[in-house]
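# Residue-level structure breakdown
Single-letter residue listing:
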Amino acid sequence: VSIPAALTAAGTVAAFAAIYAAHALYGFIGPAIAFLLLGATGVATMLAAALHGPALAGVGLVGSLGEPLLVHSARPNPWPLVIYLLAVAGAAYGLARFRRWLWLAGAAAIGVGLWQGLLVLDAHSLDIFRAALAHGLAQTAVALGVFVLPLTAFDDGAAQPDPLATAVPAMMGLGALSALTATPGAHFGLMWMLGGAALVGLLAFGAQMSAAVALLAPAAAVAGLAALRLWPGANPLEAVPRMDFDWLVAMAPPRDIGWFT
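Residues numbered from 1 in each chain as written. Predicted model: local features only at pLDDT ≥ 70, side-chain atom pairs only at ≥ 80, totals over all residues. Heavy atoms only, no water.

### Here's the deal with the overall build of the chain
The condition is simple: Think of it this way: any DSSP run of H or I at least four residues long counts as a helix, any run of E at least two long counts as a strand, and we number them from the N terminus. Think of it in three bands: with a 1.4 Å probe and only protein chains considered, a residue is buried below 20% of the maximum accessible area for its type, exposed above 50%, and partly exposed in between. Every residue pair with non-hydrogen atoms within 4.5 Å of one another is taken to be in contact. Areas reported here follow the Shrake-Rupley algorithm with a probe of radius 1.4 Å; residue values treat only the protein chains shown as occluding.
Broken down by element type, the chain carries 11 helices and zero strands. Along the chain, helices and strands appear, N-terminal first, in the series α-α-α-α-α-α-α-α-α-α-α. Within the chain, the fraction of its 261 residues that count as buried is 40%. Long-range contacts, defined as pairs at least 24 residues apart, comprise 68% of the intrachain contacts of the chain with a sequence gap of at least 6. Looking at the chain as shown, the accessible area adds up to about 13700 Å², and 72% of this sits on carbon and sulfur atoms.

### Focus on the packing of helix H6 (residues 126–148) against helix H8 (residues 190–209)
To keep things clear, this is the line we draw: Only the contacting stretch of a helix is used when fitting its axis, a line to C-alpha atoms as for every element, and angles between N-to-C directions run 0 to 180 degrees. Reported orientations rely on four angle classes, namely roughly parallel under 35 degrees, roughly antiparallel over 145, roughly perpendicular from 65 to 115, and oblique for the rest. Put simply, Ala, Val, Leu, Ile, Met, Phe, Trp, Tyr, Cys and Pro go in the nonpolar bin, Asp, Glu, Lys and Arg in the charged bin, and everything else, Gly too, in the polar bin.
The interhelical angle for the contact between H6 and H8, taken along N-to-C directions, is 10°, at an axis separation of 11 Å. Put simply, H6 runs roughly parallel to H8. Contacts between H6 and H8 pair Phe-129, Arg-130, Leu-133, Leu-137, Thr-140, Ala-141, Leu-144 and Val-148 from the former with Met-191, Trp-192, Gly-195, Ala-198, Leu-199, Leu-202, Leu-203, Gly-206 and Met-209 from the latter. Tallied by class, the residues present in the contact of H6 with H8 amount to 13 nonpolar, three polar and one charged.

### Examining the nonpolar core
When a protein is soluble and globular, its nonpolar side chains tend to lie buried together. Quick reminder of the rule: Put simply, a nonpolar core is a bunch of buried Ala, Val, Leu, Ile, Met, Phe, Trp, Tyr and Cys residues held in one set by side-chain atoms that sit within 4.5 Å of each other.
Counting 67 residues, the largest nonpolar core has Leu-61, Tyr-93 and Phe-147 as its most contacted members. Residues within four places of Phe-147 in sequence aside, it is in contact with Tyr-93, Arg-97, Ala-105, Leu-164, Ala-165 and Val-168.

### Some thoughts on the pattern of salt bridges
Heads up, the rule is: Counted as salt bridges are all cases of a side-chain nitrogen of Lys or Arg within 4 Å of a carboxyl oxygen of Asp or Glu.
For the structure on display, the rule yields one salt bridge. Among the salt bridges present, the one from Arg-97 reaches Asp-162, with a minimum N-O distance of 3.6 Å. In this pair, Arg-97 is assigned in helix H4 (residues 78–99) and Asp-162 in the loop between H6 and helix H7 (163–181), connecting sequence segments 65 residues apart. With relative accessibility at 17%, the residue Asp-162 sits in the buried group.

### Focus: H4
Quick reminder of the rule: Here the expected length of a helix is defined as 1.5 Å per residue gap, with one fewer gap than residues. Identification of polar contacts relies on pairs of N or O atoms within 3.5 Å, with a donor-acceptor requirement for protein atoms, meaning one able to donate a hydrogen and the other able to accept it, and with residues adjacent in sequence counted only if both atoms are side-chain atoms.
The end-to-end C-alpha distance of H4, which contains 22 residues, comes to 32 Å, matching closely the 32 Å that a straight helix rising 1.5 Å per residue would cover. Of the positions making up H4, those classed as buried are Pro-78, Leu-81, Val-82, Tyr-84, Leu-85, Val-88, Ala-89, Ala-91, Ala-92, Tyr-93, Leu-95 and Ala-96. Taken together, the buried residues of H4 touch helix H2 (31–52), helix H3 (54–70), helix H5 (102–121), H6 and H7. A side-chain oxygen of the first residue of H4 lies 3.2 Å from the backbone nitrogen of Trp-79; this N-cap is Asn-77. Arg-100 sits one or two residues past H4 and shows a positive phi near 60°.

### A short note on the packing of H5 against H6
Applied cut-off: Handedness of a crossing follows from how the near helix is turned relative to the far one, being left-handed for an anticlockwise turn of less than a right angle and right-handed for a clockwise one.
Between H5 and H6, whose axes approach to 9 Å, the crossing angle comes to 165°. Classified by the angle between their axes, H5 and H6 sit roughly antiparallel to one another. Where H5 crosses over H6, the handedness of that crossing is left-handed. Here Ala-105, Val-112, Gln-116, Leu-119 and Val-120 of H5 come into contact with H6, specifically with Ile-128, Ala-132, His-135, Gly-136, Gln-139 and Phe-147. Partitioning the contact of H5 with H6 into residue classes produces seven nonpolar, four polar and no charged.

### Some thoughts on a nonpolar patch on the surface
Test applied: Residues enter patches when their relative accessible area tops 30% and they take part in no salt bridge; the joining distance is 9 Å for like charges and 5 Å for the nonpolar side chains Val, Leu, Ile, Met, Phe, Trp and Tyr.
A contiguous nonpolar surface patch, about 570 Å² in accessible area, is contributed by Tyr-20, Leu-25, Tyr-26, Phe-28 and Leu-70. Along the chain, Phe-28 turns up in the loop between helix H1 (3–25) and H2.

### Quick word on the environment of Pro-4
Within the secondary structure, Pro-4 sits in helix H1. The class of Pro-4 is partly exposed, set by a relative accessible area of 44%.

### So, the environment of Leu-85
Inspection of the secondary structure puts Leu-85 in helix H4. Once the C-alpha coordinates of Leu-85 and Trp-115 are considered, the two residues, 30 residues apart in sequence, prove to be 8.6 Å apart.

Okay, structure coming up:
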């Protein structure tokens, strides 16, 4: 057992416990300060793992992703959470690339994806819907910057496929697509359309950056088709005549042909 790693892990757990107790048990600090201190502790723990090993990285990642659940506020605001998760994901991805800990990158992507799911499930208001969509798009961009951009320096046009660099941006793109499915009925509009276009553009841009992630191109196509299928429209059976073949289903046109075009 590495004594420095064990001591650092013990200190990390003690720091988490002290900050949480100061906020939740004794009320010494408010939710904003507790949020910042707990988040800084988790990210710092992951950075310290570059010296002390992967076990400490796991402690820091779990603490960072679980930290928002420990802070309670009378007026929850999704935007600090979105920014915070970007910082956590960037730190975890960067450390995973630096130390080649693929499990850390995968775990961070899954954790961020779970938070995206919680945002989507709660997207009953315009503000939370915007936050969920922005989070999905921003996480896709971060994944492209961390995993795909470094590949361009070594890309000779015949690079071997990189499963991790393909899977993480695709997973984050799926999170952004899920936000489009949770659009509050009264809030469909320009932001929905720009969000769908940005998602397709990000994945397509990532696909052309390196041959190692060329599979992001069909992912972009699937995202585009899915966005069109999700477009709020009339009932397909009411919008077009019934076809003779039962297996052929005609899709309805969008409500606003001008914006669609």
